[in-house]
Amino acid sequence: MFIRVRGSPSMRAPRANIGRKKRGKAMKQLPFRDRREAGRLLAAQLATYANKPDVLVLALPRGGVPVAHEVASALCAPLDVFAVRKLGIPGYEELAMGAVATGGVRVLNEPLVAELGMPDYLIEYVTEQEQEELKRRERLYRGGRPPLDVRDRTVILVDDGLATGATMQAAIKALRLRHPARIVVAVPVASREACEEMRAQADEVVCAVTPEPFHAVGLWYEDFSQTTDEEVRELLLRRREPEEQPTSSDVTDDIVEAVRRSMHVLTGAPQDYDPLMSRIGDARIVLLGEASHGTHEFYRERALITRRLIEEKGFLAVAVEADWPDAWRVNRYVRDESEDLDAVEALADFRRFPTWMWRNTDVVEFLEWLREHNHALASDAPTTGFYGLDLYSLRASMRAVLRYLEQVDQDAAKRARERYSCFDQFGENAQVYGFIAGTDRTKSCREAVVSQLVALQSRAMEYERRNGRLAEDEFFAAEQNARVVKNAEAYYRSMFLEDASSWNLRDRHMAETLHTLIQHIGRHGQQAKIVVWAHNSHLGDARATEMNRRGELNVGQLVREKYGSGAVLVGFTTHHGTVTAASDWGAPAERKRVRRALPGSYEALFHRAHPNRFLLTWPEGNDAAQHLRNARLERAIGVIYRPDTERMSHYFQATLVKQFDAIVHFDETRAVKPIEYTAEWEAGEVPETFPFAV
């Protein structure tokens, strides 16, 4: 949501040569030594809010955080951040034409924009860049923890100063959407004009001092050095709400012994996973997770478990966290329906970052086994397929739909091309479409993609009759590609609105694809059983993690809700080792060292219980279930691993016995080997000395 408000008619670049004498005698408490001293002085003027349970302090990062930390400490109130980004004039970034804040709110200084003749496209470009940075910082500062709930509470909104007020106005507008009972704006120093204008926006305004002439916030501090991201994270951790603190930080002897009594040590013997096979029983869906997207043991052991599910329990599908058209090519290979010479060639379409997630040696080995398994079956026996669950393949799936229709119905292909041409104006980058369509509904392609899916489904019987069972499979693939296009359009459109919405759309799509696969596989009376490979964050029940508090659901939750005991959820964990991951999105794969797990985490508990490899299950009422009922930290490494921000970036609260039905733990793990790897990956990181403070 974009909101335009009136701002100051002019925002001049600040002068930096004002001497102390010009500040006047009334300003004898200035300059502040630093932000922390300013925070302590500001807290004295907010003393009436001390020790009140409904009060919380929100800081505008980064400079407002040290000030707000002192305020929150003095008032005995919890502290969080409320992200706001200035919209700087290109080439004169210190001059703000407005700001954006959490929740998609944008505030523009209309007089300045008009005075400078700023074109709309340039404003939109700057807005898009700053919104991306805003989201990144929120994830970085909180490390996956949800924001504090402000509903019906008194919120003290703190920054290190107030010059034009555009940033604070954006914060207030966004905060109002979350329904606080009262908003108090509090700053150590402000211009008189900005302070007065703010009174019309907030319920109360506290400006400790208002020197004239004001010129710039930084002039009123002796030390106005930039606050770092690390300092923000550290200060936030110091003042979390009580319920945000880890509930089980100590690993007691009783807990360790309970885990030991319930574990089954893995020795490499063929019968290692017998207890898991017994736990799975007649379940029709088995979800096999991973604590990273780049750990050899996770891929290898999932493959071993999957082989037993296929051979012993008749599972007919392996569904993975991958794009549908890329995986469909692999599906054709393992069922001997393609011209690919080997698994490496069959994986050639997996070129989107992160390529190592599926183009790695462990996946190649499993696919070659699966192809041989299918080849050895009787000619009339059902084969096991390989399918993708994800929805990032907007363009690739559109092309796949068109290729299919060009083979079976030229007229329908022409109509489909016309519908999909809606996307042509946005280029190949789906995020560009999402940004524009998310803010301008008239440019949305929603109607076109829905119409195409309905049109394809309406001709199902006609198309499927053309070539027997093969035609059924090819139509199914085309229909699913059309469904991917429809859901991907909604996903990208939601990306710039709220994170929870886009996450939920993605996981609902994956759960919907699973259900569609079950129907397709069982269409001729076959028993449809599916094993799923994806990250723990997708497959562990979201209701048992922090995700639930921020309104997120996932595949594990949706599958449990639909199939109940017919689904078994298995998580994978590690204590230390190496992992294949990147340092930033789109960056090259690196072989990184995984730090030892944090004290009080599940991984640290498992390390103490048995520093090797084991399977852990917890039948209802057993010792492990009783002792693990409290929430602990759990580690999650995705395609990016940042050891320097380990706690904030890669840990979250979870109740493991509610999240999964079983856990497979490998104390020390090593990085999965990409098919294509660089000298940088081969070299790996320089070994670090443990323990290392995080």
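All of these numbers come straight from a predicted model, not from anything done at the bench.

J.: I'm lost on the overall build of the protein chain in this one. Help?
T.: A count of helices and strands for the protein chain gives 27 helices and 19 strands. The burial tally for the protein chain puts 59% of its 694 residues in the buried class. Restricting the contact set of the protein chain to residue pairs at least 6 apart, pairs at least 24 apart contribute 75%.

J.: Please clarify how the nonpolar core should be interpreted in this entry.
T.: For soluble globular proteins, the rule of thumb is that nonpolar side chains tend to be buried together. Residues Leu 405, Ile 530, Val 532, Phe 606, Leu 616, Trp 618 and Leu 628 are the most contacted members of the largest nonpolar core, which totals 76 residues. Considering each element in turn, this core owes the most residues, 10 residues, to helix H19 (residues 468–494). In this view, Leu 616 contacts Val 259, Ser 262, Met 263, Phe 606, Leu 628, Ala 662 and Ile 663; residues no more than four positions away in its chain are not counted. If you look at the next biggest cluster of nonpolar residues, it comprises 53 residues, including Tyr 299, Val 330, Met 357 and Phe 666.

J.: Even after reading the chapter, I still don't get the pairing of strand S13 (residues 530–533), so can you show me in this structure?
T.: With burial as the criterion, each face of S13 is covered, one bearing Ile 530 and Val 532 and the other bearing Val 531 and Trp 533. Pairing of strand S11 (residues 317–323) with S13, which is carried by 4 bridges, proceeds in the parallel orientation. The partner of Val 320 across the bridge, within S13, is Trp 533.

J.: Which parts of the structure should I look at to understand unusual backbone geometry?
T.: Cis rather than trans, the peptide bond between Pro 61 and Arg 62 has omega equal to 5 degrees. In this fold, Arg 62 is placed in the loop between strand S1 (55–59) and helix H2 (64–75). In this chain, Phe 353 is followed by Pro 354 through a cis amide linkage whose omega measures 5 degrees. Among the secondary structure elements, Pro 354 is positioned in the loop between helix H12 (343–346) and helix H13 (361–375).

J.: Just to check I follow, could you spell out the environment of Leu 276 for this structure?
T.: Structurally, the position occupied by Leu 276 is in helix H9 (residues 274–280). Spatially, the C-alpha atom of Leu 276 lies 9.2 Å from that of Val 570, the residues being 294 residues apart in sequence. Setting aside residues up to four positions removed in sequence, Leu 276 forms contacts with Ile 305, Val 570, Leu 615 and Ala 662.

J.: Just checking my understanding: could you explain the state of the cysteines for this structure?
T.: Among covalent bonds in proteins, the disulfide is the one between the sulfur atoms of two cysteines. Under the criterion given, the structure shown has 2 disulfides. Paired through a disulfide, Cys 195 and Cys 207 show a sulfur-sulfur distance of 2.2 Å. The sign of the S-S torsion, about 110 degrees, decides the handedness of the disulfide formed by Cys 195 and Cys 207: right-handed. Of the two residues, Cys 195 sits in helix H6 (residues 192–198) while Cys 207 sits in strand S8 (residues 204–209), which places them 12 residues apart along the sequence. Comparing Cys 195 with Cys 207 shows no difference in burial state: the two are buried. Here Cys 422 pairs with Cys 445 through a disulfide, and the sulfurs are 1.9 Å apart.

J.: Looking at this model, I keep getting lost on the side chain of His 575. Mind explaining?
T.: With respect to the secondary-structure elements, His 575 resides in strand S14 (residues 567–581). For His 575, a relative accessible area of 4% puts it in the buried group. Not counting residues up to four positions away in its chain, the partners in contact with His 575 are Arg 595, Arg 596, Ala 597, Glu 603, Ala 604, His 607, Arg 635, His 665, Phe 666 and Asp 667.

J.: What is the right way to look at the pattern of salt bridges in this model?
T.: Side chains that carry opposite charge are capable of pairing whenever their charged atoms lie near each other. Inspection of every chain in the model, using the stated rule, returns 41 salt bridges. Of the charged contacts, one joins Arg 335 and Asp 473 as a salt bridge, the two residues approaching to 3.5 Å between their closest N and O atoms. In this pair, Arg 335 sits in the loop between helix H11 (324–334) and H12 while Asp 473 sits in helix H19, placing the two residues 138 residues apart along the sequence. The exposure classification of Arg 335 matches that of Asp 473, with both residues buried.

J.: Please clarify how helix H5 (residues 166–176) should be interpreted in this entry.
T.: Note that an α-helix has 3.6 residues per turn; residues three or four places apart therefore point the same way. Of all 11 residues in H5, 8 are buried, a share of seventy percent or more. Where H5 is concerned, the buried positions are Ala 166, Met 168, Gln 169, Ala 170, Ala 171, Ile 172, Ala 174 and Leu 175.

J.: Please explain the packing of helix H10 (residues 296–313) against H13 as it appears in this structure.
T.: In a pair of packed helices, the angle between the axes and the distance between the axes together describe the arrangement. Interhelical geometry of H10 versus H13 gives an angle of 15 degrees and a closest axis separation of 9 Å. Taken together, H10 and H13 sit at an angle that is classed as roughly parallel. Where H10 crosses over H13, the handedness of that crossing is right-handed. Where H10 abuts H13, its residues His 296, Tyr 299, Arg 300, Ala 303, Thr 306, Arg 307, Ile 310 and Glu 311 lie against Asp 362, Val 363, Phe 366, Trp 369, Leu 370 and His 373.

J.: For this particular structure, what's the right way to read helix H23 (residues 602–609)?
T.: Most of H23 is tucked away, with 6 of its 8 residues classed as buried. Considered for burial, the residues of H23 that qualify are Tyr 602, Glu 603, Ala 604, Leu 605, Phe 606 and Ala 609.

J.: Would you mind going over the confidence of the model for the protein chain with me for this structure?
T.: When pLDDT drops low, the exact placement of atoms in the prediction is not to be read closely. In this model, the protein chain carries an average pLDDT of 85, and 88% of its residues clear a pLDDT of 70 or more. Overall, residues 241–248 carries pLDDT values under 50, and its contacts beyond four positions in sequence, including any with other chains, amount to 19 contacts. In this model, residues 686–694 is a region of pLDDT below 50 whose contacts with residues beyond four sequence positions or in other chains number 14 contacts.

J.: What is the right way to read the packing of aromatic side chains from this model?
T.: What characterises a pair of aromatic rings is the spacing of the ring centres plus the angle enclosed by the ring planes. Counted by the stated rule, this structure contains 23 aromatic pairs. Summarising the aromatic geometry, the rings of Phe 32 and Tyr 221 are spaced 5.4 Å apart at their centres and angled 55 degrees between planes, so their arrangement reads as tilted. Residue Phe 32 is located in the segment before helix H1 (35–44), and its partner Tyr 221 is located in the loop between S8 and helix H7 (229–238); the two are separated by 189 residues in the primary sequence. Residue classification places Tyr 221 among the buried residues on the basis of a relative accessible area of 5%. Look at Phe 366 and Trp 369: their rings are 6.0 Å apart centre to centre, the planes differ by 25 degrees, and that puts the pair in the stacked class.

J.: Sorry if this is basic, but what is going on with the pairing of strand S15 (residues 590–594) here?
T.: Only one face of S15 is buried: it carries Glu 590, Lys 592 and Val 594, and the other face, with Arg 591 and Arg 593, is open. With 5 bridges joining them, S14 and S15 adopt antiparallel strand pairing. Following the sheet pairing, Ala 581 is matched in S15 by Glu 590.

J.: Help me out: how do you make sense of the sheet that holds S1 in this one?
T.: Note: strands within a sheet are paired through backbone hydrogen bonds, in either parallel or antiparallel orientation. Strand order in the open sheet made by the 5 strands is S2-S1-S6-S7-S8, with parallel pairing throughout. The sheet is open, and its two borders are formed by strand S2 (79–81) and S8, each paired with just one other strand. On average, each strand axis in the sheet is tilted by 25 degrees relative to the strand beside it, whichever way the strands run. Relative to S8, strand S7 (residues 182–189) runs parallel, the two sharing 5 bridges. Bridging from a neighbouring strand, Val 187 pairs with Cys 207 of S8.

J.: Hey, could you run me through the packing of H11 against H13 in this one?
T.: Taken N-terminus to C-terminus, the directions of H11 and H13 make an angle of 45 degrees; their axes are 8 Å apart at the nearest point. Considered as vectors, H11 and H13 are oriented oblique to each other. Where H11 abuts H13, its residues Val 330, Tyr 333 and Val 334 lie against Leu 367, Glu 368, Leu 370, Arg 371 and Asn 374.

J.: What is the right way to look at the side chain of Thr 154 in this model?
T.: Note on placement: Thr 154 falls in strand S6 (residues 154–158). By relative accessible area, Thr 154 is classed as buried at 8%. Each residue touching Thr 154, except ones within four places of it in the same chain, is listed here: Tyr 49, Asp 54, Val 55, Leu 56, Arg 182 and Val 184.

J.: Would you explain the environment of Phe 82 in this entry?
T.: In this structure, Phe 82 sits in the loop between S2 and strand S3 (84–89). Linking Phe 82 and Ala 171, residues 89 residues apart in sequence, is a C-alpha distance of 7.2 Å.

Criteria and thresholds
Residues numbered from 1 in each chain as written. Predicted model: local features only at pLDDT ≥ 70, side-chain atom pairs only at ≥ 80, totals over all residues. Heavy atoms only, no water. Helix = DSSP H or I, 4+ residues; strand = E, 2+ residues; numbered from the N terminus. Buried < 20%, exposed > 50% of the residue type's maximum accessible area, 1.4 Å probe, protein only. Contact = heavy atoms within 4.5 Å. Core = buried A, V, L, I, M, F, W, Y, C linked by side-chain atoms within 4.5 Å. Pairing = 2+ DSSP bridges. Disulfide = S-S within 2.5 Å. Salt bridge = Lys/Arg side-chain N within 4 Å of Asp/Glu carboxyl O. Axes fitted to C-alpha atoms, helices over the stretch in contact; angles between N-to-C directions. Parallel < 35°, antiparallel > 145°, perpendicular 65-115°, else oblique. Left-handed = near helix turned anticlockwise from the far one by under 90°. pLDDT = per-residue confidence, 0-100. Phe/Tyr/Trp six-rings, centres within 6.5 Å; stacked < 30°, edge-to-face > 60°.

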